[in-house]
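Breakdown of the fold
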Amino acid sequence: QVQLVESGGGLVQAGGSLRLSCAASGSISSFNAMEWYRQVPGKERELVARIRSSGSITYAGSVKGRFTISRANAKNTLSLQMNSLKPEDTAMYYCAARDRGDTRYWGQGTQVTVSS
């Protein structure tokens with residue numbers, strides 16, 4: 001079972017940038033998709049961005065044009081570059097790996113707080 005560890009969260013002012021990283025304990029190239037989710041207390045976890053093994057990418061409408069997801073299979077890492085951050089981007093961000101059976105493996109999360 002793969003272990004995922006996120007890093008890079010923190011406190012930033014609105015308009016600023018952060019880069020999240022997710023380090024996997026094993027190869028990520030075999031997963032169907034690598035994903036970033038976020039969750040605010042009291043709300044459901046929502047998909048932020050997904051990159052499939054084919055290379056195709058999906059973004060939530062709220063982050064399109066501001067966030068960029070990327071994967072480095074050789075380093076077993078997933079990244080999320082977040083620019084032009086808004087207070088509404090404040091959330092716990094989670095990395096996920098989805099296997100061919102649609103099982104998701106989750107990291108422990110990293111907190112992103114954007115001040116106005």
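As shown above, the structure is provided for reference.
Presented here is an overview of the structure given in this document. The numbers attached to residues start from 1 for each chain and follow its sequence in the written order. For a predicted model such as this one, the threshold for reporting local features is a pLDDT of at least 70, and the threshold for listing and counting side-chain atom pairs is 80 or more; totals across whole chains, interfaces and linings nevertheless cover every residue. To get the side-chain values, all heavy atoms of the structure are used, and hydrogens and water are removed first.

We count a stretch as a helix when DSSP gives it H or I for four or more residues in a row; a strand needs E for two or more, and each element gets its number in order from the N terminus. For the protein, the count of helices and strands is 0 helices and 11 strands. Going from the N terminus to the C terminus, the protein shows its helices and strands as β-β-β-β-β-β-β-β-β-β-β. A radius of gyration in this sense is built from C-alpha atoms; the matching globule rule multiplies 2.2 Å by the number of residues raised to 0.38. Computed over the C-alpha atoms, the radius of gyration of the protein is 13 Å, within 12% of the 13 Å expected from 2.2 N^0.38 for a compact globule of 116 residues. Relative accessibility thresholds used throughout: buried, under 20% of the residue-type maximum; exposed, over 50%; partly exposed, between the two (1.4 Å probe, protein chains only). Counting the 116 residues in the protein, one finds 40% classified as buried. Taking all contacts inside the protein whose residues are at least 6 apart in sequence as the whole, residues at least 24 apart take part in 53%. For the protein, the computed accessible surface area is about 5,900 Å², with 47% contributed by carbon and sulfur atoms. Between the averaged position of the 14 positive side-chain charges in the protein and that of its 8 negative side-chain charges there is a distance of 6 Å. Only heavy atoms matter for contacts: two residues are in contact if any of them lie within 4.5 Å across the pair. Computed with a 1.4 Å probe, the accessible areas rest on the Shrake-Rupley method; for each residue, only the protein chains presented here act as cover. Residues scored as charged are limited to Lys and Arg (positive) and Asp and Glu (negative), so that His and the chain ends carry no count. To locate a charge, take atom NZ for lysine, CZ for arginine, CG for aspartate or CD for glutamate.

A side chain of one charge can pair with a side chain of the opposite charge when the charged atoms of the two come close. The salt bridge definition used is simple: a Lys or Arg side-chain nitrogen within 4 Å of an Asp or Glu carboxyl oxygen. In total, this model carries 7 salt bridges according to the counting rule given. By sharing partners, the salt bridges in this structure join E35, R50, R98, D102 and R104 into a single network.

So, about unusual backbone geometry. Even without being glycine, N76 reaches a positive phi, approximately 55 degrees. Mapped onto the elements, N76 comes out in the loop between β7 (67–72) and β8 (77–82). One non-glycine residue, S84, lies in the positive phi region at around 50 degrees. Here S84 falls in the partly exposed class, since its relative accessible area comes to 40%.

Tracing the backbone shows G15 in the loop between β2 (10–13) and β3 (18–24). A residue is classified by how much of its surface remains accessible, and G15, at 54% relative accessible area, is exposed. Setting aside chain neighbours within four positions, we find G15 in contact with S84 and L85.

Moving on: the environment of Q111. By the element assignment, Q111 lies in strand β11 (residues 110–115). Sequence separation between Q111 and M92 is 19 residues, and the spatial gap between their C-alpha atoms is 4.4 Å. The residues contacting Q111, other than those within four sequence positions of it, are G9, G10, T90, A91 and M92. A polar contact is formed between the side chain of Q111 and the backbone oxygen of A91, at a distance of 3.4 Å. Any pair of nitrogen or oxygen atoms within 3.5 Å is treated as a polar contact; in protein, a donor-acceptor pairing is required on top of that, and neighbouring residues in sequence qualify only through side-chain atoms on both sides.

This paragraph deals with the nonpolar core. In these notes, a set of buried Ala, Val, Leu, Ile, Met, Phe, Trp, Tyr and Cys residues joined through side-chain atoms within 4.5 Å is what counts as a nonpolar core. Ranked by internal contacts, the top residues of the largest apolar core, which has 28 residues, are M34, W36, L80, M82 and Y93. Among the elements of the structure, β3, β4 (33–39), β5 (46–52), β7, β8, β9 (91–98) and β11 are those that each provide at least two residues to this core.

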